[in-house]
Amino acid sequence: MRRLINLKRVEARRIYLTYFVVIAAYVICQTMSSTKMMSSSMRGMLVPICAYMVMAVSLNLVVGISGELSLGHAGFMSVGAFSGVATAILLQNLLPFAPVRLAIAMISGAVFAALAGFLIGIPVLRLKGDYLAIVTLAFGEIIKSILNNFYLGVDSAGLHFSMLSDTTRLLPGGQLIIRGPMGISRIMKIATFPAGFILVMIALAIVFNLVNSRFGRGFMAIRDDRIAAESIGLDVTKFKLTAFVMSAALAGAAGCLFSLNYSTIVANKFDFNTSILILVFVVLGGQGNMLGSIIAAAALTILPEKLREFSDYRMLLYAVILIMTMLITNNDNIKAFFQNILPGSKAKFQKEESDA
Amino acid sequence: MEKEKRSRTRLVPLPSRALVPDRDAARDPVLECINLGITLGGIKAVEDFNFTVGRTEIAGLIGPNGAGKTTVFNLLTKVYQPTTGTILLNGRDTHGMNTMQVNKAGIARTFQNIRLFKNLSVADNVKAAMNNDMRYNMLNAILRTPAYRREEIAAHRRALKLLSIFDMQDIADVRAGSLPYGAQRRLEIVRALATNPSLLLLDEPAAGMNPSETAELMDSIRKVHEMFQIAIVLIEHDMSLVMNICEGICVLNFGHIIAKGTPDDIQSNPAVIEAYLGRNREAK
Ligand SMILES: Nc1ncnc2c1ncn2[C@@H]1O[C@H](COP(=O)(O)OP(=O)(O)OP(=O)(O)O)[C@@H](O)[C@H]1O
Ligand SMILES: [Mg+2]
């Protein structure tokens, strides 16, 4: 009989490896940044990289584990960004200790994004078929328009908001937090690399622990065979909604972390291109493969910066590298070619092949 | 329009043509189908299907290819909604239920074209089917609380126990999609059993198996029947298996029941012989 792989052992090894890689990368980057061995441009990217890693991991929960296509993940990022940053600004005087304020802001961002995910998930995930892609695509654009026309202010009488134009009529001493197309400015940059690292670890723990529970089994069972999943009594809509809302919540927290690293944010930052970029992290890293998502997110955030010296050809090179990587990771012929060059991986590949 | 024909209440008495073993005669049947029918792509794939299954009966559903056997299973499990007729499960009308609810009400099934969760391990395929017995919530799962551990350990034990009926406990951690064909069919039965059904529907469980595997399967089905005291309906082309383990047999041809009876009755029934031989003659 063919040799059969022990999935449980493979799975456990992959999880520990992922945690290990993230912790090791954090320790190395932290040391390099505190001993000034890291360029300042690189140091400025640490928090965004963490945020993108969380985005990639959370989208992988929907795309890789749950088997649904979402094209509006940046929409949840922006909901989390605006609600989280607004929370941070409101708490500025109440909570002078920045880390606590950051944590509460991220939780607030997560809650609002989860709410948005719930509201669009409920009608869509009842349907059979790939409607989620279309609806999330629309959602990403709609939320961008809404936030571009949204005004939120606070004064002694409380919170005021208005749409389209600023009619909040704040009392003297009041502060306009969200200014429509101008977004939020004069943000106190309280996001830190350690906080980003912790968020990545939390996101990984949530996703891994969910996947290894009755919930994860449900997500993957439905992904593998919907009819069979229904026949054993799984509530397809509920499971899909659970994965989708959890993914939105993590994206919201990531959006908040991301924004608190800049002094100004605008809704246009979180557009369709950002959604696609995150999807590219997932596809490149491998569906269901969290470590792959994390590495892809880091590499594709650093790469455009590193290619700056090629100025005009920068994006061209970026595209070529992207296409090459996709081909290498997804095409069996090219895979086999590389396996022939690299003898170490050849044996491993053949073993997996015969197991499958 | 068609929908209005569907009766919603239990007014129909046990059909007189019902055929249940003596030991089940005194008890409510687990399943009653009354005038069940469906139109698929303009043709009546199943019509006037009256069928009763006793509490602890093993019944067979046979018939030539395309007779509508799988369609009957799809009607019972609400993969298709019937256009006419009533299905009573444990005396309860399943009208308006979906596949998930029918499973919760007690029907579990296997599929003719195997539908496993290919990328999950063998044990996880079985444990996925125990979801409705497990109570811990998402927070327990994320924080890995004692409640999570307790239920997961219990589920794993139970999964191994169920797998051991088919002697599969040693391959619990193997990817289901990488199993040989026969093992995949057996795993589907285990997965169905894990939902605690009162009625188990097996769609061609012996398809693609060699004679010794079929003999083993037969023993296993008997064992399951004895252990769980449930009703089993099986669709099968392997006549030796059907005649050996079924107490009652229902023969379907072109969507209609052409005969019902004990294995002996069926074997000597001229209509059945005609249906099978007629088809063979065409094929040649
Ligand atoms: N979804 C569908 N749409 C249209 N026709 C269908 C559909 N499903 C089944 N049929 C038709 O219904 C009839 C019965 O099919 P069914 O699959 O129930 O046969 P079966 O008795 O299970 O045959 P087999 O022994 O080959 O499995 C066939 O003529 C088939 O073509
Ligand atoms: Mg069939």
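None of the values given here were measured: they were computed from a predicted structure.

(A) Broad picture of the domain arrangement of chain B. Residues and elements named next belong to chain B. The assigned domain composition of chain B is domain 1 (27-106 + 197-284) and domain 2 (120-183). Between the C-alpha centres of domain 1 and domain 2 the distance comes to 29 Å. Of the residues lining the interface, 11 residues belong to domain 1; the matching set on domain 2 comes to 6 residues. At the boundary of domain 1 with domain 2, total buried surface from both sides reaches about 650 Å², with 70% on carbon and sulfur atoms. For the pair domain 1 and domain 2, the number of links is 1 residue pair in polar contact (both at pLDDT 80 or more). The residue makeup of the side of domain 1 that touches domain 2, split by class, is 6 nonpolar, 2 polar and 3 charged.

(B) Fine view of the sheet that holds strand 9 (residues 248-253) of chain B. All names here are of chain B. The mixed open sheet is built from 6 strands, whose spatial order is 6-7-8-3-9-10. In the strand order of this sheet, the two ends are held by strand 6 (107-109) and strand 10 (256-261), each with one partner. Each strand axis lies, on average, 20 degrees off the axis of its neighbour in the sheet, ignoring direction. Pairing analysis gives 4 bridges linking strand 3 (residues 58-62) to strand 9, with the strands arranged parallel. Bridging from a neighbouring strand, A59 pairs with G248 of strand 9. Here helix 2 (residues 69-76) sits on the sheet in contact with strand 3, strand 6, strand 7 (199-203), strand 8 (231-235) and strand 9, set at roughly 145 degrees to strand 7.

(C) Looking closely at helix 5 (residues 131-148) of chain A. Along its 18 residues, helix 5 of chain A runs 26 Å from first to last C-alpha, staying within 8% of the 26 Å computed at 1.5 Å per residue. Residues of helix 5 of chain A that are buried make contact with helix 2 (40-65), helix 3 (73-90), helix 4 (98-124), strand 1 (150-155) and helix 9 (236-259) of chain A.

(D) Seen up close, the coordination of the magnesium ion (ligand 2). Residue and element names in this part refer to chain B. Surrounding the magnesium ion (ligand 2) are the protein donor atoms T70 (OG1) and Q112 (OE1), which sit 1.9 to 2.0 Å from the metal. With T70 in helix 2 and Q112 in the loop between strand 6 and helix 4 (122-128), this pair connects stretches of sequence that are 42 residues apart. The class for T70 is partly exposed, based on a relative accessible area of 24%. When its relative accessible area of 33% is taken as the criterion, Q112 is described as partly exposed.

(E) Structural view of the site of ligand 1. Residues and elements named next belong to chain B. The environment of ligand 1 is formed by 13 residues, the closest being G66, K69, T70, T71 and Q112. A67 places a polar main-chain atom, nitrogen or oxygen, 3.2 Å from an oxygen atom of ligand 1. T71 places a side-chain nitrogen or oxygen 2.5 Å from an oxygen atom of ligand 1. Protein contact buries 64% of the 640 Å² of open area that ligand 1 shows by itself. Here the shell around ligand 1 gets 3 residues from one element, more than from any other, and that element is helix 2.

(F) A look at the pattern of salt bridges. What the rule picks out here adds up to 11 salt bridges over all chains. R217(A) is the partner of D124(B) in a salt bridge, and the nearest nitrogen-oxygen pair spans 4.0 Å. Of the two residues, D124(B) is situated in helix 4 and R217(A) in helix 7 (residues 214-224); the pairing between them involves two chains. Between D133(B) and R158(B) there is a salt bridge, with its nearest N and O atoms 3.5 Å apart. One end of the pair, D133(B), is in the loop between helix 4 and helix 5 (138-143); the other, R158(B), is in helix 6 (residues 146-165), and 25 residues separate them in sequence. The exposure class assigned to R158(B) is partly exposed, which follows from its relative accessible area of 24%. Salt bridges sharing partners connect three or more residues here, namely R217(A), D124(B), K127(B) and E152(B).

(G) Geometry of the pairing of strand 7 of chain B. Residues and elements named next belong to chain B. Among the 5 residues in strand 7, 5 count as buried, and that is most of the element. Because side chains alternate across strand 7, one face comprises the buried residues L199, L201 and D203, and the other comprises L200 and L202, equally buried. Relative to strand 7, strand 6 is paired through 3 bridges, and the arrangement is parallel. The residue bridging R109 from the neighbouring strand is L201, located in strand 7. Alignment of strand 7 against strand 8, held across 5 bridges, turns out to be parallel.

(H) Fine view of the packing of aromatic side chains. Under the criterion given, the structure shown has 13 aromatic pairs over all chains. Judged by centre distance (5.7 Å) and plane angle (80 degrees), the ring pair of Y19(A) and F208(A) falls under edge-to-face. With a gap of 189 residues between them, Y19(A) in helix 1 (residues 7-34) and F208(A) in helix 6 (residues 193-211) connect regions that are remote in the sequence. By the burial criterion, Y19(A) is buried, and F208(A) matches it. Through a chain of ring-to-ring contacts, the aromatic side chains of Y52(A), F258(A), Y262(A), F270(A) and F281(A) assemble into a single cluster. Directly above the aromatic system of Y136(B) lies the positively charged group of R214(A), at a separation of 5.4 Å from the ring centroid. The lysine or arginine in question, R191(B), covers the ring of F117(B), its NZ or CZ lying 4.7 Å from the ring centre.

(I) How the structure looks around the interface of chain A and chain B. The interface of chain A with chain B comprises 35 residues on the first partner and 41 residues on the second. Both sides together, the interface formed by chain A and chain B hides about 3200 Å², and carbon and sulfur atoms give 61% of it. A per-residue breakdown of the area chain A buries against chain B is headed by R214(A), R217(A) and I232(A), which together make up 23% of the total. The tally of links from chain A across to chain B stands at 3 salt bridges. Going through the elements one at a time, helix 1, helix 6, helix 7, helix 8 (226-231) and helix 9 of chain A are the ones with two or more residues in the side of chain A that touches chain B. The residue makeup of the side of chain A that touches chain B, split by class, is 18 nonpolar, 7 polar and 10 charged.

Conventions and cut-offs
- Per chain, residues are indexed from 1 in the order of the written sequence.
- The lettering of chains begins at A and the numbering of ligands begins at 1, in the order of writing.
- Side-chain atom pairs in this predicted model are given and counted only at pLDDT of 80 or more, local residue features only at pLDDT of at least 70, and totals for whole chains, interfaces and linings cover all residues.
- Each side-chain value is derived from all of the structure's non-hydrogen atoms; neither hydrogens nor water enter the calculation.
- For the purposes of this description, domain bounds are those given by an automatic or database domain assignment.
- The contact criterion used is simple: two residues touch if any of their non-hydrogen atoms lie within 4.5 Å.
- The term buried area denotes the loss of accessible surface (1.4 Å probe radius) that occurs when two parts are joined, taken as the sum for both partners.
- Each polar contact in these results corresponds to two N or O atoms within 3.5 Å; when the atoms are within protein, one needs to be able to donate a hydrogen and the other to accept it, and residues that are neighboring in sequence are counted only if both atoms are side-chain atoms.
- Here the nonpolar group is Ala, Val, Leu, Ile, Met, Phe, Trp, Tyr, Cys and Pro; Asp, Glu, Lys and Arg are the charged ones; every other residue, Gly included, is treated as polar.
- Two strands are counted as paired when DSSP detects at least two bridges linking them.
- Here a strand is any run of E in DSSP of at least two residues, a helix any run of H or I of at least four, and the numbering for each starts at the N terminus.
- A fitted line through C-alpha atoms serves as each axis, taken over the contacting stretch for helices, and the angle formed by two N-to-C directions is quoted from 0 to 180°.
- For a helix, the expected span equals 1.5 Å multiplied by the residue count minus one.
- The donor set comprises N, O and S atoms within 2.8 Å of the metal, extended to 3.2 Å for Na, K and Ca; water molecules are omitted, so apparent gaps in a site may simply reflect that omission.
- Here's how the labels work: a residue is buried when its accessible area is under 20% of the maximum for its type, exposed when over 50%, partly exposed in between, all with a 1.4 Å probe on protein chains only.
- The cutoff for a nearby residue is simple: one of its non-hydrogen atoms must lie within 4 Å of the molecule or strand.
- For every accessible area listed, the method is Shrake-Rupley and the probe measures 1.4 Å; residues are considered covered only by the protein chains on display.
- By convention in these notes, a salt bridge is any Lys or Arg side-chain nitrogen within 4 Å of a carboxyl oxygen on Asp or Glu.
- Only centres within 6.5 Å qualify two rings of Phe, Tyr or Trp (six-membered ring in Trp) as a pair; their planes then separate them into stacked at under 30 degrees, edge-to-face at over 60, and tilted for everything else.
- Whether a charge sits over a ring depends on NZ of Lys or CZ of Arg being within 6 Å of the ring centre and within 35 degrees of the ring normal.

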